[in-house]
Protein chains: 2
Amino acid sequence: MSQQDNHQAATGPRFKRRKDQRPEEIAEAALEVFAERGFAGARVSDVAERAGVSKGLMYLYYKTKQDLLKAVIRGFIEPRVRDVATAIDRWDGSAADFLRGPFLQTISQLATSRAVIIVRLMMAEGPKHPDLTKYYYDHVITVGLGAMSRLLDRAVDQGEFRPSGIHRFPQLLLAPVVMAAVWQTVFDRHQPLEVHDFLTAHIDTVVSAMTRPVGEGNEP
Amino acid sequence: MSQQDNHQAATGPRFKRRKDQRPEEIAEAALEVFAERGFAGARVSDVAERAGVSKGLMYLYYKTKQDLLKAVIRGFIEPRVRDVATAIDRWDGSAADFLRGPFLQTISQLATSRAVIIVRLMMAEGPKHPDLTKYYYDHVITVGLGAMSRLLDRAVDQGEFRPSGIHRFPQLLLAPVVMAAVWQTVFDRHQPLEVHDFLTAHIDTVVSAMTRPVGEGNEP
DNA sequence: TGTTGATGACTGACTGGTCATTTAGTAAAT
DNA sequence: ATTTACTAAATGACCAGTCAGTCATCAACA
């Protein structure tokens, strides 16, 4: 009974059919909404609205709200970690230079980008989804930590670094990145963190600790 | 119709009136349930059941579920941080000894206790409650970081440590604790972390980086 | 070039269930 | 007998997920 009468006399079509762009657009919108509200606090209808799409359509591309979460988490970090791993394996300068240069650069960007909310999402929802955390561990954590380990091993072999606890726990290299993510999520409005300086101080510390004092043997 | 007929013929009273113990008992139960399910995933009725209390009673002691969260977050870390701060200010040995001894001991316990879930709760719910994070920042973060700063300043004054980025960012001393909390919450089932070794490696690193190389002046 | 039928991308009102919170009443304690 | 800690059942808001129907698009035919 007359519902398409007046509300769009000269307007264009009510929607466009764009099967292939939709999933990405929706995931993008989801990242933003999740960042603002967290996963539990975000309504599917919010995400739909942000994506300029009806709620029903969401379920054509993502079977459940959780599936959407998985798409978001999988899509945003994985490529970057691969890039870092590749950069490490291609690097043939000193490890210290790598840490002070490309590595610092990368983690500094990472820690000031939207990617930080992945930490929030993983903390909030990870424990409920072992398959998701397993995937993340296998495809992000091991790739990243593995590459870091290779970098450090190489540096030790070449006498640049001395062996240290960091070789057993490459997580230590990334701990301040996680810290920065947590800080920004929770305290930034009360006390902003100067992330780049913070991470620079960190790199200075670990490089200083690992660098073999000159004239202590094992040089080539 | 007839539900209190047979199930407790000779039993004692159906409940006890214990106005003063209740709040603490409920907060304790809440910590456990929040740890298992997260805040959003925990039902008020779950907490009530764990505390051995009816759902309605919860609302006599805590006006809302959020209030309960605040009680939990405020109650569990604050005392410990105070303890550390006091220990620091009373210490009169070397800073390195403090970091390798009491400090390592404390953060190691902290990182393997139920307290780690505070990080999870703050990440999930903090952004929604500026008053809560403000309180936490003022009463936990500044107290802890302030004490650490004093320790480091003293060590520099006495020529034990050289000035470094860590003095500007004492957060770096705690970053691995946060990392350990995140790791255990998310990845522990896939790859357990040996927290004590991990934190020992961290302390070794920072002490090594900050310790003034012998014979470089400024000794007393 | 214009019409038309089929396809499936898309909409939005609706449903069913879950919970936080309220409230009317019960019984422990004094 | 009165007070009030406490219970249990009711209330109502909220929201993930569904589904019956709409309409943008395009191929095939005129």
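Definitions and cut-offs
Residues numbered from 1 in each chain as written. Chains lettered and ligands numbered in written order. Predicted model: local features only at pLDDT ≥ 70, side-chain atom pairs only at ≥ 80, totals over all residues. Heavy atoms only, no water. Helix = DSSP H or I, 4+ residues; strand = E, 2+ residues; numbered from the N terminus. Rg over C-alpha atoms; globule rule 2.2 N^0.38 Å. Buried < 20%, exposed > 50% of the residue type's maximum accessible area, 1.4 Å probe, protein only. Contact = heavy atoms within 4.5 Å. Areas by Shrake-Rupley, 256 points an atom, 1.4 Å probe, with all protein chains shown as cover. Lys, Arg positive; Asp, Glu negative; His and termini not counted. Charge placed at Lys NZ, Arg CZ, Asp CG, Glu CD. Buried area = accessible area lost by both parts, 1.4 Å probe. Salt bridge = Lys/Arg side-chain N within 4 Å of Asp/Glu carboxyl O. Near = heavy atom within 4 Å. Polar contact = N/O pair within 3.5 Å; in protein donor to acceptor, adjacent residues only side chain to side chain. Nonpolar A, V, L, I, M, F, W, Y, C, P; charged D, E, K, R; others polar. Axes fitted to C-alpha atoms, helices over the stretch in contact; angles between N-to-C directions. Parallel < 35°, antiparallel > 145°, perpendicular 65-115°, else oblique. Left-handed = near helix turned anticlockwise from the far one by under 90°. Domains from an automatic or database assignment. Least-squares fit on C-alpha atoms with pLDDT ≥ 70 in both. Core = buried A, V, L, I, M, F, W, Y, C linked by side-chain atoms within 4.5 Å.

## Notes on the overall build of chain A
Argument step 1. On a plain count of helices and strands, chain A comes out with 10 helices and 0 strands.
Argument step 2. In terms of overall dimensions, chain A is more spread out than a globule: its C-alpha atoms have a radius of gyration of 23 Å, far above the 17 Å expected for 220 residues.
Argument step 3. For chain A, the spread of C-alpha atoms along the three principal axes comes to 90 × 35 × 35 Å.
Argument step 4. Across the 220 residues in chain A, those meeting the buried criterion constitute 47%.
Argument step 5. Long-range contacts, defined here as pairs at least 24 residues apart, represent 69% of the contacts in chain A between residues at least 6 apart.
Argument step 6. Carbon and sulfur atoms make up 52% of the accessible area of chain A, which totals about 11200 Å².
Argument step 7. Measuring between centres, the 28 positive side-chain charges of chain A sit 9 Å from its 27 negative side-chain charges.

## A closer look at the interface of chain B and chain A
Argument step 1. Each partner contributes to the interface: chain B provides 44 residues, whereas chain A provides 44 residues.
Argument step 2. Summing the contributions of chain B and of chain A, the shared interface buries around 4200 Å²; its carbon and sulfur component is 75%.
Argument step 3. At the junction of chain B with chain A, the criterion picks out 4 salt bridges.
Argument step 4. Residue E194 of chain B pairs with R168 of chain A through a salt bridge whose shortest N-O separation is 3.1 Å.

## Here we look at the protein's contact with DNA strand C
Argument step 1. Lining the immediate environment of DNA strand C, one finds 23 residues, of which R18, S54 and Y61 of chain A together with R17 and K55 of chain B sit closest.
Argument step 2. Counted by atom, the contact set of DNA strand C within 4 Å of the protein is 70% sugar and phosphate.
Argument step 3. Contacts to DNA strand C include V44 of chain B, whose backbone N or O atom sits 3.0 Å from a phosphate oxygen.
Argument step 4. Within the backbone of K65 of chain B, a nitrogen or oxygen atom sits 2.9 Å from a phosphate oxygen of DNA strand C.
Argument step 5. For the surface near DNA strand C, the secondary-structure elements that each account for two or more residues are α3 (55-61) of chain A together with α3 (55-61) of chain B.
Argument step 6. With 3 residues, α3 of chain A is the largest single contributor of residues to the surface near DNA strand C.
Argument step 7. Here the surface near DNA strand C is built from residues that sort into 8 nonpolar, 3 polar and 12 charged.

## Here we look at the environment of A209 of chain A
Argument step 1. Within the secondary structure layout, A209 of chain A lies in helix α10 (residues 195-210).
Argument step 2. As a C-alpha pair, A209 of chain A and R162 of chain A span 47 residues in sequence and 8.8 Å in three-dimensional space.
Argument step 3. In contact with A209 of chain A, other than residues within four places in its own chain, are R162 of chain A together with T205, S208 and A209 of chain B.

## What to know about the pattern of salt bridges
All names here are of chain B.
Argument step 1. A full pass over the atoms with the stated rule returns 29 salt bridges over all chains.
Argument step 2. Among the salt bridges present, the one from E32 reaches R50, with a minimum N-O distance of 3.0 Å. One end of the pair, E32, is in helix α1 (residues 22-41); the other, R50, is in helix α2 (residues 44-51), with 18 residues separating them in the sequence.
Argument step 3. For E32, a relative accessible area of 28% puts it in the partly exposed group.

## Here we look at the packing of helix α9 (residues 171-186) of chain B against helix α10 (residues 195-210) of chain B
All names here are of chain B.
Argument step 1. In the contact formed by α9 and α10, the axes pass within 10 Å of each other and the chain directions differ by 160°. Taken together, the axis directions place α9 and α10 in an arrangement best described as roughly antiparallel. Considering the relative orientation of α9 and α10, their crossing is right-handed. Note on element contacts: α10 touches α9 through V195, F198, L199, H202 and V206, opposite L172, L173, P176, V177, M179, A180 and Q184.
Argument step 2. Of the residues in the contact of α9 with α10, the class split is 10 nonpolar, 2 polar and no charged.

## Section: the domain arrangement of chain A
A common measure of how large an interface is: the accessible area buried when the components associate.
Residue and element names in this part refer to chain A.
Argument step 1. Segmenting chain A into domains produces domain 1 (3-71) and domain 2 (77-210).
Argument step 2. Residue-level contacts link 13 residues of domain 1 with 8 residues of domain 2.
Argument step 3. Interface area for domain 1 against domain 2, summed over the two sides, is near 950 Å², with a carbon-plus-sulfur share of 65%.
Argument step 4. Considering only the surface of domain 1 that becomes buried against domain 2, L31, L69 and K70 emerge as the three largest contributors, covering 48% of it.

## Brief notes about the relation of the copies chain B and chain A
Argument step 1. When chain B is fitted to chain A, the residual RMSD is 0.1 Å, and the transformation amounts to a turn of 180° plus an axial shift of 0.0 Å. With respect to symmetry, the two chain copies, as superposed, fit the operation of a two-fold axis. When each C-alpha of chain B is compared by its distance to the rotation axis, A209 of chain B comes out closest, at 2.2 Å.
Argument step 2. Comparing contact sets, 100% of the residues at the interface of chain B also lie at the interface in chain A, consistent with an isologous, same-surface contact.

## A look at the nonpolar core
Argument step 1. Counting 153 residues, the largest nonpolar core has F34 of chain A together with F34 of chain B as its most contacted members.
Argument step 2. Other than its neighbours up to four places away in sequence, F34 of chain B contacts F39, A42, V47, L68, L69, V72, I117, R120 and L121 of chain B.

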